[in-house]
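# A look at the structure
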Amino acid sequence: MSVREFLRASGMSETDGPAPATSEKRFPDGAQYRVEIPSVEGPAVLAAVLDEARARDVRVHRISQGSGVLLLTDDELSDMAARGAAEPVEVSLFARPLAGWGTGAAAAASGAGAVGAQARGAEQLAQCLLDIERAANFGLRSVLITDIGVLASAARMREQDYLPADMQFKISVQMGLANPAAIRIAQDLGANTYNVPTDLSLAQLAEIRRAVDIPLDIYVEAPDDQGGFVRHYEIAELVRVAAPVYLKFGLRNAPNIYPSGTHLEGTAVALGRERVRRARIGLDLLRRFAPDAITSELGAAGLAVPSPVGAVAK
């Protein structure tokens, strides 16, 4: 007898309320889910994550980074583009700087947390767009965006051939839009995927999925500064109600390493390897509770795999 059968036989509920609707939407290849490992802060961390993924048989479709294109050297950008193309895996780098790293005082105020994720003034708008342009020039085809104005401007640049037509805009959890109407605005402005807030219920996610077609990025485990939620037992339901979905494996009880660099490289590598281990745990639960859930092959349609220009992984 299974646990759920036992609960039903005992006259107890096995779930909290009615089950949300099942999503019939899919990635272009027909898959329901893909895997993302965040906070991959440079070539050494990327190499470690890919090595750990091979060792644990975790198919990583996308890696993302938080310190920004700004804080990577030309050689590091070339290396990450080459490694991503060779795997193949999507490499998504943050567009910075933003107000939280600027000289304005409002972003540090106790009641103004959302201000830190915005591009402050015309200069920071331009700087974020320069970060996106620089990533594209190195063959990277995915960037993280937190600011609506940056998104709208970057989308127009893509439409008018200032950026490659296959450039993708992954919206960061820091944008904070949390309802179907708001996230549809981001989609209409040109977002290619949207990272929802980490605390949304399955019912809320189902309603967002009903309203938008772009993939949703959902933290299965969230960093402490994004709530620290550990939702591994919900993974099958996250796939069922939110497909197409990127299952994003952050890490609770871990230091915030942004902005990262060689002074934190050992820590970043260790955190990256543990995120892959957490992904293995989550995927084992998914196999247990939803064995027929469909994932993508590496390099599948819709993934923004780099197109490096003369770059060779070291």
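Whatever comes next refers back to the structure up there.
Residues numbered from 1 in each chain as written. Predicted model: local features only at pLDDT ≥ 70, side-chain atom pairs only at ≥ 80, totals over all residues. Heavy atoms only, no water.

### Here we look at the overall build of the chain
Helix and strand content of the chain: nine helices and eight strands. The C-alpha atoms of the chain give a radius of gyration of 19 Å, which matches the 20 Å a tight globule of 314 residues would have. In terms of principal-axis extent, the alpha carbons of the chain reach across some 65 × 40 × 35 Å. Taken over 314 residues, the chain has a buried fraction of 52%. Of the contacts made within the chain by residues no fewer than 6 positions apart, 75% connect residues no fewer than 24 positions apart. Carbon together with sulfur atoms contributes 52% to the accessible area of the chain, which is approximately 13,800 Å² in total. (Helix = DSSP H or I, 4+ residues; strand = E, 2+ residues; numbered from the N terminus. Rg over C-alpha atoms; globule rule 2.2 N^0.38 Å. Buried < 20%, exposed > 50% of the residue type's maximum accessible area, 1.4 Å probe, protein only. Contact = heavy atoms within 4.5 Å. Areas by Shrake-Rupley, 256 points an atom, 1.4 Å probe, with all protein chains shown as cover.)

### Some points on the sheet that holds strand 3 (residues 90–94)
Reading around the barrel, the eight strands line up as 1-2-3-4-5-6-7-8 and close back on themselves, with parallel pairing between neighbours. When the angles between neighbouring strand axes are averaged without regard to direction, this sheet yields 30°. Note: strand 6 (residues 193–195) against strand 7 (residues 216–221), two bridges, orientation parallel. Residue pairing across strands places asparagine 195 opposite aspartate 217, the latter belonging to strand 7. (Pairing = 2+ DSSP bridges. Axes fitted to C-alpha atoms, helices over the stretch in contact; angles between N-to-C directions.)

### Comments concerning unusual backbone geometry
Residues alanine 243 and proline 244 are joined by a peptide bond in cis, for which omega reads 0°. Structurally, proline 244 is set in the loop between helix 8 (235–242) and strand 8 (245–249). A positive phi angle is found at asparagine 253, which is not glycine, with a value near 60°. Considering the arrangement of structural elements, one finds asparagine 253 in the loop between strand 8 and helix 9 (265–289).

### Remarks on the nonpolar core
By size, the foremost hydrophobic cluster in this structure holds 81 residues, and its most contacted members are Ile132, Phe169 and Tyr194. Counting residues per element, this core draws most heavily on helix 9, at seven residues. Look past the residues within four positions of isoleucine 132 in its chain and what remains in contact with it is Ala95, Val143, Ile145, Val150, Ala154, Leu163, Met167 and Phe169. Core analysis: the next-biggest nonpolar cluster, separate from the first, contains six residues, Phe27, Ala300, Leu303 and Val305 among them. (Core = buried A, V, L, I, M, F, W, Y, C linked by side-chain atoms within 4.5 Å.)

### A word on the environment of phenylalanine 249
As for its position among the elements, phenylalanine 249 is in strand 8. Distance from phenylalanine 249 to isoleucine 218, taken between C-alpha atoms, is 8.6 Å for residues 31 residues apart in sequence.

### Quick notes on the pairing of strand 8
Of all five residues in strand 8, five are buried; the element is thus mostly enclosed. Side chains Val245, Leu247 and Phe249 of strand 8 all project onto a buried face; the interleaved residues Tyr246 and Lys248 project onto the opposite face, where all are buried too. Of the strand pairs in this sheet, strand 1 (residues 33–37) and strand 8 are connected by four bridges, and their pairing is parallel. Across the sheet, residue tyrosine 33 finds its bridge partner in strand 8, namely valine 245.

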